[in-house]
Amino acid sequence: MKQHLAHIAIVVDDYDKAIEFYTQKLHFILLEDVVLSDTKRWVLVSPPGATECSILLARAATDEQKSRIGNQTGGRVFLFLCTDNFERDYQNLLDNKIKIVRGPSIEPYGTVAVFEDLYGNLWDLIEYGRSETSDVRRET
């Protein structure tokens, strides 16, 4: 049996603003942008090199959905962006004036920093140590 995550939805307030942030500031790739109706689009972005999982940018349509923008996990880190070059990608965050919540630290599993996306969702930027694997578990 084989399974994998295909997409993770992030609730946003505006498709074009979200696309601009993820593609221009984080350098993600716009995979799809399909109009489904006058108010709904199917928008997928992913980091360069990602092969199985992408982010679905889902525009909030109700007040309840709007209340979740930027806080889908109750203030916990929501997504984990793994990199092969922490210094390059951390500098990109600084260059694009992306809010750093917790600066770089060296941990047993690798180098990590916490940043906010356009909406306030928390992300870890991680470069795992050479002996570590992607299934390292830790409390964030």
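Quick caveat: nothing in here was measured; it's all calculated off a predicted structure.

J.: I would appreciate a short explanation of the overall build of the protein chain in the present structure.
T.: Within the protein chain, the secondary structure is distributed over three helices and eight strands. Its helices and strands taken in sequence order, the protein chain reads β-α-β-β-β-α-β-α-β-β-β from the N to the C terminus. Relative to the globule expectation of 14 Å for 140 residues, the C-alpha radius of gyration of the protein chain, 15 Å, shows essentially globular dimensions. Here the C-alpha coordinates of the protein chain stretch approximately 50 × 40 × 25 Å along the principal axes. Residue burial in the protein chain is summarised as follows: out of 140 residues, 34% are buried. Sequence separation of 24 or more characterises 54% of the internal contacts of the protein chain that already satisfy a separation of 6 or more.

J.: I tried to follow the sheet that holds strand β8 (residues 122-128) on my own but got confused; where do I start?
T.: Where strands meet in a sheet, backbone hydrogen bonds hold them as pairs that are either parallel or antiparallel. Taken in spatial order, the four strands line up as β5-β8-β7-β6 in an open sheet, and their pairing is mixed. This sheet does not close on itself; its edge strands, each paired only once, are β5 (77-82) and β6 (100-107). Recorded for the sheet is a direction-independent mean angle of 20° between the axes of neighbouring strands. For β5 and β8, the ladder comprises five bridges, and the chain directions are parallel. Bridge pairing in β8 places V77 opposite L122. Running at roughly 165° to β6, helix α3 (residues 86-95) makes contact with β6, β7 (110-116) and β8 of the sheet.

J.: What am I meant to see in the UniProt feature "domain: VOC" (unreviewed entry) in the protein chain here?
T.: According to UniProt, the positions carrying the feature "domain: VOC" (unreviewed entry) are residues 4-128. Strand forms 42% of residues 4-128 and helix 21%; the C-alpha atoms that close the span are 21 Å apart.

J.: Hey, could you run me through the environment of D95 in this one?
T.: Examined against the element boundaries, D95 turns out to sit in helix α3. With 70 residues separating them along the chain, D95 and K25 place their C-alpha atoms 8.9 Å apart. A polar atom in the side chain of D95 sits 2.7 Å from the side chain of Q91.

J.: Is there a simple way to think about the pattern of salt bridges in this case?
T.: Side chains that differ in sign of charge can pair as their charged atoms come close. With the rule as written, the count across this model stands at eight salt bridges. For D13, the salt bridge is made with K17, and the minimal N-O distance between the two is 3.1 Å. Overall, K17 belongs to the partly exposed group, its relative accessible area being 39%. Among the ionic pairs, D84 bridges to R88, the shortest N-O distance being 2.8 Å. Members of the salt-bridge network, linked through shared partners, are D16, D33 and R41.

Analysis parameters
Residues numbered from 1 in each chain as written. Predicted model: local features only at pLDDT ≥ 70, side-chain atom pairs only at ≥ 80, totals over all residues. Heavy atoms only, no water. Helix = DSSP H or I, 4+ residues; strand = E, 2+ residues; numbered from the N terminus. Rg over C-alpha atoms; globule rule 2.2 N^0.38 Å. Buried < 20%, exposed > 50% of the residue type's maximum accessible area, 1.4 Å probe, protein only. Contact = heavy atoms within 4.5 Å. Pairing = 2+ DSSP bridges. Axes fitted to C-alpha atoms, helices over the stretch in contact; angles between N-to-C directions. UniProt positions renumbered as here; feature names shortened; annotations may be inferred. Polar contact = N/O pair within 3.5 Å; in protein donor to acceptor, adjacent residues only side chain to side chain. Salt bridge = Lys/Arg side-chain N within 4 Å of Asp/Glu carboxyl O.

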